[in-house]
Amino acid sequence: MTATEWITDIALVLVVFRQLREDRLDHKTFLIPLGIVAFVAYSYLDSVPTAGNDLVLIAALTGVGAVLGVAGGVYTRIRALGGHLMIKAGVVSAVLWVLGMGARMGFQVWVEHGGGADDVARFSLAHHITSDQAWVSAFVLMAVTEVVTRVGTIYLRSRAKARSVSPAAPVLDRTA
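The rules behind the values
- Residues numbered from 1 in each chain as written.
- Predicted model: local features only at pLDDT ≥ 70, side-chain atom pairs only at ≥ 80, totals over all residues.
- Heavy atoms only, no water.
- Helix = DSSP H or I, 4+ residues; strand = E, 2+ residues; numbered from the N terminus.
- Buried < 20%, exposed > 50% of the residue type's maximum accessible area, 1.4 Å probe, protein only.
- Contact = heavy atoms within 4.5 Å.
- Areas by Shrake-Rupley, 256 points an atom, 1.4 Å probe, with all protein chains shown as cover.
- Expected span 1.5 Å × (residues − 1).
- Arc of directions from axis to C-beta.
- Axes fitted to C-alpha atoms, helices over the stretch in contact; angles between N-to-C directions.
- Parallel < 35°, antiparallel > 145°, perpendicular 65-115°, else oblique.
- Left-handed = near helix turned anticlockwise from the far one by under 90°.
- Nonpolar A, V, L, I, M, F, W, Y, C, P; charged D, E, K, R; others polar.
- Phe/Tyr/Trp six-rings, centres within 6.5 Å; stacked < 30°, edge-to-face > 60°.
- Lys NZ or Arg CZ within 6 Å of the ring centre and 35° of its normal.
- Pairing = 2+ DSSP bridges.

**Student:** Explain the overall build of the protein chain here, please?
**Tutor:** From N to C terminus, the protein chain includes six helices and three strands. Reading the helices (α) and strands (β) of the protein chain from amino to carboxyl end gives α-β-α-α-β-β-α-α-α. Projecting the C-alpha coordinates of the protein chain onto the three principal axes gives extents of approximately 55 × 30 × 25 Å. Among the 176 residues that make up the protein chain, the fraction classed as buried is 40%. Counting only contacts in the protein chain whose residues sit at least 6 apart along the sequence, the fraction spanning at least 24 positions is 81%. A total accessible area of about 9,100 Å² is found for the protein chain, and carbon and sulfur atoms account for 68% of it.

**Student:** It is not clear to me how helix α2 (residues 27–44) should be interpreted in this structure. Could you clarify?
**Tutor:** The terminal C-alpha atoms of α2, which comprises 18 residues, lie 26 Å apart, in line with the 26 Å expected from a rise of 1.5 Å per residue. Among the residues of α2, those classed as buried are Thr-29, Phe-30, Pro-33, Ile-36, Val-37 and Val-40. Taken around the axis of α2, the buried residues stretch over an arc of 150°, which confines them to a single face. Seen from the buried face of α2, the exposed residues on the opposite side, beyond 90 degrees, are Leu-31 and Tyr-42.

**Student:** Could you clarify how one ought to interpret unusual backbone geometry in this entry?
**Tutor:** Trans is the common state for peptide bonds, and a negative phi is the common state for residues other than glycine. The residue His-128 is not glycine, and still its phi comes out positive at about 60°. Examined against the element boundaries, His-128 turns out to sit in the loop between α5 (117–126) and α6 (132–165). With a relative accessible area of 52%, His-128 lands in the exposed category.

**Student:** Even after reading the chapter, I still don't get the packing of helix α3 (residues 54–74) against α6, so can you show me in this structure?
**Tutor:** Helix-helix packing is characterised by the crossing angle of the two axes and by the distance between the axes. It is at 7 Å that the axes of α3 and α6 come closest, and there the two elements cross at 25°. Here α3 is positioned roughly parallel relative to α6, judged by the angle of their axes. For the element pair α3 and α6, the recorded crossing hand is right-handed. Here the contact of α3 with α6 is built from residues that sort into 15 nonpolar, nine polar and four charged.

**Student:** Mind showing me how you'd approach the packing of aromatic side chains here?
**Tutor:** Aromatic ring pairs are described here by two measures, namely the spacing of the ring centres and the angle between the planes. The final tally for this structure, using the stated rule, is six aromatic pairs. With a centroid separation of 4.7 Å and an interplanar angle of 35°, the aromatic rings of Phe-107 and Phe-139 are classed as tilted. With Phe-107 in helix α4 (residues 91–113) and Phe-139 in helix α6, this residue pair connects regions lying 32 residues apart in the sequence. An identical accessibility class is assigned to Phe-107 and Phe-139; each is buried. Pairwise contacts between aromatic rings join Phe-107, Trp-110, Phe-123, Trp-135 and Phe-139 into one cluster. If you follow Arg-150 out to its NZ or CZ, it ends over the ring of Trp-97, 5.2 Å from the centre.

**Student:** Looking at this structure, how should I read the sheet that holds strand β1 (residues 23–24)?
**Tutor:** Strand pairs in the sheet, formed through backbone hydrogen bonds, run parallel or antiparallel to each other. Taken together, the three strands give an open sheet; going across it, the order is β1-β3-β2, and neighbouring strands pair in antiparallel fashion. Two strands bound the open sheet, and with one partner strand each, they are β1 and β2 (76–81). The pairing of β1 with strand β3 (residues 84–89) spans two bridges and is classified as antiparallel. Within β3, the residue paired with Arg-24 across the bridge is Met-86. Packed on one face of the sheet, α6 meets β2 and β3 and runs near 30° to β2.

This is how it looks when you write it as structure tokens:
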């Protein structure tokens, strides 16, 4: 793994650790993780291979990302306090986030340094996965989907919470 890959992966993990302490729900809550995955997608998603079972692999890991993201968003506490919406990632949310990010990092380290490249090549051959780009696309789209669905779930829940507390309450704290 390159230094950029380590920094990006660690930054994504720190996003949730930052939310382990309660803080105001504001634009940063959404923009920081979306900015990180936009950078990742731009940097690593050159193409989406469609030959063989590449799309099956990509769809499966993207689905895992969606499940982890929605669950992480559901297990993030959102509450009103003093006219502001507050957010705090719960233990379950943090565990799911680290599980998703850690699985991707672990897979990459295993393939690059742990002797897993031959195992992945055999698996790919046996299951008609045509290239390493299929794996890259699958894991990048898994990360992007996990982040987008988590952020989307938090956004939808924050809108509902703001409206239930006060119909005139702002959805996002624009003063922070």
